[in-house]
Amino acid sequence: MSTQQQQIRAVNTVHTALFINNKDRTGEGESIAVVNPATESLVAEVAGASAAQVDEAVDSAAVAFEDERWKNPQFRKEVLLRFADLVEENREALMDTLIEEIGTPVNLTSNHIDTPVAFLRWFAHQAVCDRTRHLGFNVTGTAVSTVVYRPVGVVAAITAFNYPLLIGLTKLGASLAAGCTAVLLSSPQAPLAVLQLGELVRRAGFPAGVINILAGGAQVGERLTTHPRVAKVSFTGSVNVGRRVMQQAADGLRSVVLELGGKSAAILLPGVDFKKYAYSLHARYARNAGQGCGSPTRILVEASRYDEFVDISRQAYSRLKVGNPRDKETLLGPVINAAQRDRIEAGIQAAVQEGAQVIAGGGRPDIAKGWYVNPTLIGGLDNTATLAREEIFGPVSVVLTYRDVEEAIAIANDSPLGLKAYVFGETAQCLQIIPKLNVGTVQINGGSPLRPDAPMTGYKHSGIGSEWGEDGLREFLRPQHIDCPVA
């Protein structure tokens, strides 16, 4: 057996049961085939939820919402901390499943497992914070007002395939810390690791019904988002699906949190040292096979330094390793499926037909099996090109040129999406232009790892509301004004 065959292996046990009211349940809906993107072999068949099982999950969450133990903030803190500990203890098993079902490289374990564990712990401590606002006397001195914050109720939390545990666990952390209960729906493309969480939920000591975990496709999602007992929908995914989710939720006048697509610009300011940042910049959109909404997929450089940037980028590309996800040196594994690879390649081909050039990378690696695509850097386009405007969700970025900083800002803002931006240069100069950027997050010189107390907010078509941090937790609270006359 070759080293690669030894490294690309099947998970020992595959958990396919749904989790409803603290019990494992066999799905009664349509079957989902989970295929390993690196080997093209079947990993598991998962029976999704039926409409009746969606109803059962929501009903159990609604009953659990009234559980007196769950209304106790200290209890919520303790059980969330136990849950975080269990996720951490099962780090390798969960990551093993993620490698099998989405082909993500093992060197991203920190992003997939360690980061959500840290977020769960942060949210656990936020559960006991007193957010009461004492407004004091009214203008006539006849009454005293207080504002308290109540949990909204049952939350429908819908995760995505690219980072299923990071997205799913942070949705749970925020909503549960607020006192809500939840029905977590996995992406149909990546249900296995999410379903594995059920046993950890039970072992952590959550009351029955607080967390329910389902798998299924669009029909299951629609049944969940339109359910009359769901108070809030939190969804991460594409703009088009997010639009449908919002329409479905609107029928019940329920609010939504949407974290959608991105076409983030990276502005390399005049005078910046390309060699200092080239590898980390290209690795940022290449990692996880480019399947990340915050990737810097538009790179803006001075027109006079374009050739210099191209030369340095080619050198950096030689270090972007594509291959076996179980190899610790691999940065890019396969994309999620053949259809996604076809879409990426069609986007590149269309750009070339529009006059673009592949200036670094491109094509497929010499790997017999798996839906691999090489990282690709595209030049010769302007910001009106399709590839510069639409999220491709692959390891592809375009290089755009600017004449001065004001034009760079204008190009960065000329997008229907506004999730993130990256600015490289002297810190003082970066800080000067940030107020002009119409995005939810700006990272200077590459930024730092994700932090749980900072919000993720999408501007324009990149989303509604916030995730993470105090802002993300408050999405699951609503104010109640108490007006008390003075005797």
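As recorded in an unreviewed UniProt entry, the chain goes by Aldehyde dehydrogenase and comes from Advenella kashmirensis W13003. Its UniProt record gives the chain a comment under Sequence similarities (unreviewed entry), which states: "Belongs to the aldehyde dehydrogenase family."

Taken in spatial order, the three strands of this open sheet run β5-β6-β24, and their pairing is antiparallel. Each having just a single partner strand, β5 (133-137) and β24 (477-485) make up the two edges of the open sheet. The sheet shows a mean angle of 20° between the axes of neighbouring strands, direction not considered.

Here we take up the domain arrangement of the chain. Under the domain assignment, the chain is made up of domain 1 (3-260 + 463-482) and domain 2 (264-451). A separation of 30 Å is found between the C-alpha centroids of domain 1 and domain 2. Between domain 1 and domain 2, the contact holds 34 residues from the first and 28 residues from the second. Carbon and sulfur atoms supply 57% of the area buried between domain 1 and domain 2, which totals about 2500 Å² over both sides. For the salt bridge of Glu-100 with Arg-326, the shortest nitrogen-to-oxygen distance reads 3.0 Å. At the level of secondary structure, the elements contributing two or more residues to the side of domain 1 that touches domain 2 comprise α1 (3-7), α4 (91-102) and α5 (109-126).

Attention shifts here to the sheet that holds strand β13 (residues 298-302). Sheet strands line up and pair through hydrogen bonds in the backbone, either parallel or antiparallel. One open sheet holds the seven strands; their spatial order is β14-β15-β16-β13-β12-β18-β19, and the pairing between them is mixed. Taken across any chain shown, the strands that pair with only one partner, and hence form the sheet edges, are β14 (357-361) and β19 (441-444). Strand-to-strand twist in this sheet, taken as the mean axis angle between neighbours without regard to direction, amounts to 25°. Here three bridges tie strand β15 (residues 376-379) to strand β16 (residues 396-402), and the two strands are oriented parallel to one another.

Before going further, it helps to spend a moment on the packing of aromatic side chains. Summed over all chains, the structure comprises eight aromatic pairs. Ring geometry for Trp-122 against Phe-123: centres 5.2 Å apart, planes inclined by 75°, an arrangement best described as edge-to-face. Ring geometry for Phe-161 and Phe-393: centres 5.8 Å apart, planes at 80°, overall edge-to-face. Here the residue Phe-161 occupies a position in the loop between β7 (154-158) and α6 (164-177), and Phe-393 occupies one in the loop between α13 (386-389) and β16, the gap between them amounting to 232 residues. Of the two residues examined, Phe-161 and Phe-393, each falls in the buried class. The ring of Phe-274 is capped by Arg-305, whose NZ or CZ atom sits 3.9 Å from the centre of that ring. In this structure, Arg-474 packs its charged tip against the face of Tyr-149, placed 4.9 Å from the ring centre.

Calculation notes
- Residues numbered from 1 in each chain as written.
- Predicted model: local features only at pLDDT ≥ 70, side-chain atom pairs only at ≥ 80, totals over all residues.
- Heavy atoms only, no water.
- UniProt positions renumbered as here; feature names shortened; annotations may be inferred.
- Pairing = 2+ DSSP bridges.
- Helix = DSSP H or I, 4+ residues; strand = E, 2+ residues; numbered from the N terminus.
- Axes fitted to C-alpha atoms, helices over the stretch in contact; angles between N-to-C directions.
- Domains from an automatic or database assignment.
- Contact = heavy atoms within 4.5 Å.
- Buried area = accessible area lost by both parts, 1.4 Å probe.
- Salt bridge = Lys/Arg side-chain N within 4 Å of Asp/Glu carboxyl O.
- Phe/Tyr/Trp six-rings, centres within 6.5 Å; stacked < 30°, edge-to-face > 60°.
- Buried < 20%, exposed > 50% of the residue type's maximum accessible area, 1.4 Å probe, protein only.
- Lys NZ or Arg CZ within 6 Å of the ring centre and 35° of its normal.

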